[in-house]
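# Tertiary structure, described
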Amino acid sequence: MHVKAPDRATAEHPPPTRPPDRSPRTAPPRRHSRRIQGLGYAAPTAVFVTVFFLLPLLLVGQMSLDDWPLLAGDQGVNAPENYTDVMDSPLFWPAVRFTLLYTAVVTVVLLGLALLLALLVQESRPGAGFFRTVYFLPGAVGLASASLLFWGLYSPTTGPLSRILEHLGLVDDPVSFLGTPTSALLSTVFLVVWKFAGFYMLILLVGLQRIPHEVYEAARMDGASRGQVFRSITLPLLRPSLALSLLLCVTGSLLAFDQFFVLTKGGPDNSTVTVVQLIYREAFQRLNLGTAAALSILVLGALLLLNALQFRGLRRSDES
């Protein structure tokens, strides 16, 4: 059988090979449709955040730099006059000190009571579900409604609390629960604890129920006491729930407004004016949106800094 020999020119110069195709391949249709679907799901949230958070924040930032009376509109830039006026206000530093004091008292009392309630209803025993519901019920009442309710209870003339104390012989005259700075603070703290103790109890209860029972059983087999179990097991494993509760409680207390606006109106003698009340006064009583916006920016910056420090401290404690 005769086989044809290859051509000499073809042997010396072989045909060039075709380079590999390095052009980018288009995504499969299914992946492309998933991306469009994901953008469609995220679009409503993005629009909501933009319209109701980013744009108002930019407007507040502009107000803080402009002379902006409530009834006259933008009168032009006057920065940094709004910020200096806030600092020079005679109520600014007393409001800051009172807000910090109120935050400290509420945080300690509220979280301590919430943890105690969560421990009491932790176990599934007869009546535990009933008490969980009872503790949480005040949280269903709006804060403004609860404040109005307690304003009626605290009234020295028509409120029942003062009459009950007089009937029991504990006091001789009607009690003014909101008449002094100390009593006004403590009365407001009592309202807030009554309103939110069940809410924070629920957060801590979820954290407690996530702790494995095997850990407690092993500790009991080793002879650990209840105090040792609480310090060495419950508190460390409950740290995420405590951190969330602390963050919510501190932020909410620094932004307190409704309870003091309804109960005390900032009195007596401006002793219970919070920072948010001061913003309200600047905007709707002094009719100066510029200084109110400047104070709002300062409060926002303080909250961001405080939350960052809290997250950093919690991260360090988790690493250690």
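Residues numbered from 1 in each chain as written. Predicted model: local features only at pLDDT ≥ 70, side-chain atom pairs only at ≥ 80, totals over all residues. Heavy atoms only, no water.

### Description of the layout of surface pockets
- Its volume calculated, the largest pocket comes out at about 430 Å³.
- As for the largest pocket, its lining consists of 13 residues, and the residues nearest its centre are Q122, E123, R220, R226 and V229.
- Those elements that place two or more of their residues in the lining of the largest pocket are α4 (92–120), α9 (213–221) and α10 (226–237).
- For the lining of the largest pocket, the leading source of residues is α10, giving four residues.
- Approximately 310 Å³ is the volume found for the second largest pocket.
- In terms of lining residues, the second largest pocket is bounded by 13 residues, among which V96, V275, L298, V299 and A302 are the most central. (1 Å grid on protein atoms, 1.4 Å probe; cavity = no way out; pocket = protein on both sides within 12 Å on 5 of 7 lines; lining within 4 Å. Points joined across faces, edges and corners; volume = space filled by probe spheres on them. Helix = DSSP H or I, 4+ residues; strand = E, 2+ residues; numbered from the N terminus.)

### Description of the nonpolar core
- Core analysis: the largest hydrophobic core is formed by 30 residues, its most contacted members being Y102, V106, L110 and Y200.
- Put simply, the parts of the chain that give this core at least two residues each are α4, α8 (181–209), α9 and α10.
- Top element by residues in this core is α8. It accounts for eleven residues.
- Not counting residues within four places of it along the chain, the set of residues in contact with L110 comprises V192, V193, F196, A197, Y200 and C249. (Core = buried A, V, L, I, M, F, W, Y, C linked by side-chain atoms within 4.5 Å. Buried < 20%, exposed > 50% of the residue type's maximum accessible area, 1.4 Å probe, protein only. Contact = heavy atoms within 4.5 Å.)

### Quick word on the side chain of N307
- Position of N307 among the secondary structure elements: in helix α14 (residues 289–319).
- According to the relative accessible area criterion, N307 is buried, its value standing at 17%.
- Once residues lying within four places of it in the same chain are set aside, the contact partners of N307 are L247 and T251.

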